[in-house]
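Spelled out from the first residue to the last, the chains are:
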Amino acid sequence: MKRNGYTSWQSRVFDVINTIFLLTLLVTMLVPLINTAALAFSSNFASMQPGIVLWPKQFSIEGFTTVWNRMELYRPFLNNIIVTVVGTLGHVILSSMAGYVLIQKGLPGKKLMLTAIMVTMMVPSEAMMIPLYIVNKELHLINTLYSLILSGFVSGFSVLLMRNFFLSVPYEMSESAKIDGAGDFRIFATMYMPLAKAGLATVTLFEFVSRWNQFLPAVLYINDQKKYTLQVALKSLIVDTDVTSSNFLITTNVRMAGIVIALIPLLIIYPYVQKYFVKGIFLGANKE
Amino acid sequence: MIGDRPFIGFDNYSFVLNDSNFWKVFWNTIFIGGGTLLFQFVMPILLALSLNEVFSTGFKKFTQMAVYIPHLFSWVVVGGMWILLLSPDTGIVNQILMAFGMEKPITFLASQDKAPWVIIFASTWKEMGYTCILYLAAVVGINPSLYEAAKIDGANRWHQVRYVTLPQLVSTMKVVFMLNILSVLRLFDPVFVLRNGANASTVDVIMMYTYQKGIMEFSVAKATAAGFIVVISTLLLTLIVRKVTNYDEG
């Protein structure tokens, strides 16, 4: 949005103040990130020295090898990949199937179902942590990755989002397909899914990010170190340990390397996320 | 948990409501949640308005990208990062402050006064860019002829921001405020990561109380009662805010 025709000193002062404001913000955003990356690539000794580090001091990947091999971060990393991939796939399939059901004309009790789904979105999942814990305990899912995959396996948000995408597909199309003898599943899989690609991408990316970052369920359900997911392992690496508490020294670069490793998948999908997130948020927040 | 469960009326609720610890964490929640709500409401608006006035697309795109990135990070990552950045020995924040002539490093997270502010700051730092994108998307939809009309009436750039862009964003503000108010009472992850023995008394929130009662002490009934109080309060809060902001009327 160019609004030219302002060359007065007032406009220039406005620009200067504005730029200073933005640059200040930018520094607050970027310095922590740069500092983290720089420390992760510093040597053990250099990372413990005081000083303002914005570029690796004594470049080395000691931090990464220590956290990956000696601290065995590969195990939580693999667990996280399993939970994220399986959980996201299941979530996308179930949510889109539920969304498809909810656009059928003449579905009995549709209003009631929609209301029930919306109510589930109003209740914060944190407030249900104790009941959820008990359910998982009674089902003997504590200390298994199933508990993490099953938690949030389907969500009201995704169902309604997929429904909104499906609603934009003309209903006559599915009616004519039905006359031609196509079953519901065929219509769903070969007509609706391809036409709602943007919706699928949104739900997949949303779910991938939140699964990757899933924290509270992992804290609640997993006590076994072997089953730790990345976030829990990171917490015990960064927050719970003192510098000297374990049998060897955990230096700052090791912790920062752990953070960087946890961010790699997110940074890979970041370009796609930016494209779809805004759309998704608005569809989710629209008033019905 | 399975077996004989006698009905005891509202005993668990009255225990929770008479527990002085509960009221302590309640006020902590109001302070941290309210502060986060305020800053996460104001900062994205300022940022979006400011970005909208930038003419260089490269700078604009880059800033937008930079502020958005932390939204993708988990609270463990963000919290862990700030713990290390704020650490009194080698953390960069104290190093910078000392380069500017401060004598003693500040122990941000071990201090009861400062720790809640660290949480408010870190939340804003993390979520600012995400909300900002919502506003920027709304800004694109503003009718350009409004700006032309304002220009003809002699509005300068500040006037255009104040009297054209800002009022056009009100409906987005309502949506954002609604979404944020839902998360005030459920605040958990940032506290769980950033709390420690020294700051617990000012940063523990209601969800932390539930977690400790239910998982640590295993008094499930009391924890669930506290959880249910949160659900009810959130519903009430939502209804009140809906009414006050005329949410349903646009």
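Criteria and cut-off values
- Residues numbered from 1 in each chain as written.
- Chains lettered and ligands numbered in written order.
- Predicted model: local features only at pLDDT ≥ 70, side-chain atom pairs only at ≥ 80, totals over all residues.
- Heavy atoms only, no water.
- Domains from an automatic or database assignment.
- Buried area = accessible area lost by both parts, 1.4 Å probe.
- Salt bridge = Lys/Arg side-chain N within 4 Å of Asp/Glu carboxyl O.
- Polar contact = N/O pair within 3.5 Å; in protein donor to acceptor, adjacent residues only side chain to side chain.
- Contact = heavy atoms within 4.5 Å.
- Helix = DSSP H or I, 4+ residues; strand = E, 2+ residues; numbered from the N terminus.
- Buried < 20%, exposed > 50% of the residue type's maximum accessible area, 1.4 Å probe, protein only.

A. Representation of the domain arrangement of chain A. All names here are of chain A. We note that the domain assignment places domain 1 (2-63) and domain 2 (73-286) within chain A. Of note, the centres of domain 1 and domain 2, computed from C-alpha atoms alone, are 33 Å apart. Summed over the three residues of domain 1 that lose the most area to domain 2, namely Thr36, Met48 and Gly63, the buried surface amounts to 49% of that side. Our count for the domain 1 to domain 2 interface comes out at zero salt bridges. At the boundary of domain 1 and domain 2, one finds three residue pairs in polar contact (both at pLDDT 80 or more).

B. Broad picture of the interface of chain A and chain B. Contacts between the two partners involve 70 residues from chain A and, on the opposite side, 77 residues from chain B. Linking chain A with chain B are two salt bridges, by the criterion used here. Across the salt bridge formed by Glu126(A) and Arg186(B), the nearest N and O atoms sit 2.9 Å from each other. For the interface between chain A and chain B, the tally reads eight residue pairs in polar contact (both at pLDDT 80 or more). Listing elements by their share of the side of chain A that touches chain B, those giving two or more residues are helix H1 (9-40), helix H6 (129-138), helix H12 (216-221), helix H13 (230-240) and helix H14 (252-285) of chain A.

C. Highlighting the environment of Val164(B). Residues and elements named next belong to chain B. Positionally, Val164 belongs in helix H8 (residues 157-168). Separated by 21 residues in the primary sequence, Val164 and Asn143 have C-alpha atoms spaced 9.8 Å apart. Excluding residues that lie within four positions of it along the chain, Val164 makes contacts with Leu146, Tyr147, Ala150 and His159.

D. Highlighting the pattern of salt bridges. One pass over the full model with this rule turns up nine salt bridges over all chains. Across the salt bridge formed by Glu127(B) and Lys126(B), the nearest N and O atoms sit 3.0 Å from each other. Neither Glu127(B) nor Lys126(B) differs from the other in exposure class; each is buried. Residues joined in a network through salt bridges with shared partners are Asp15(A), Glu53(B) and Arg157(B).

E. Region of the structure containing the side chain of Gln40(B). Residues and elements named next belong to chain B. With respect to the helices, strands and loops of the structure, Gln40 is situated in helix H2 (residues 20-52). Within polar-contact distance, the side chain of Gln40 engages the backbone oxygen of Ser123 at 3.2 Å. The residues touching Gln40, leaving out its near neighbours within four places in the chain, are Ser123, Thr124, Glu127 and Asn180.

F. Spotlight on unusual backbone geometry. Residue and element names in this part refer to chain A. Unusually for a residue other than glycine, His140 sits at a positive phi of about 55°. Within the secondary structure layout, His140 lies in the loop between H6 and helix H7 (145-150). If you check the backbone angles, Asn143 has positive phi at about 65° while not being a glycine. Mapped onto the elements of the fold, Asn143 is located in the loop between H6 and H7.

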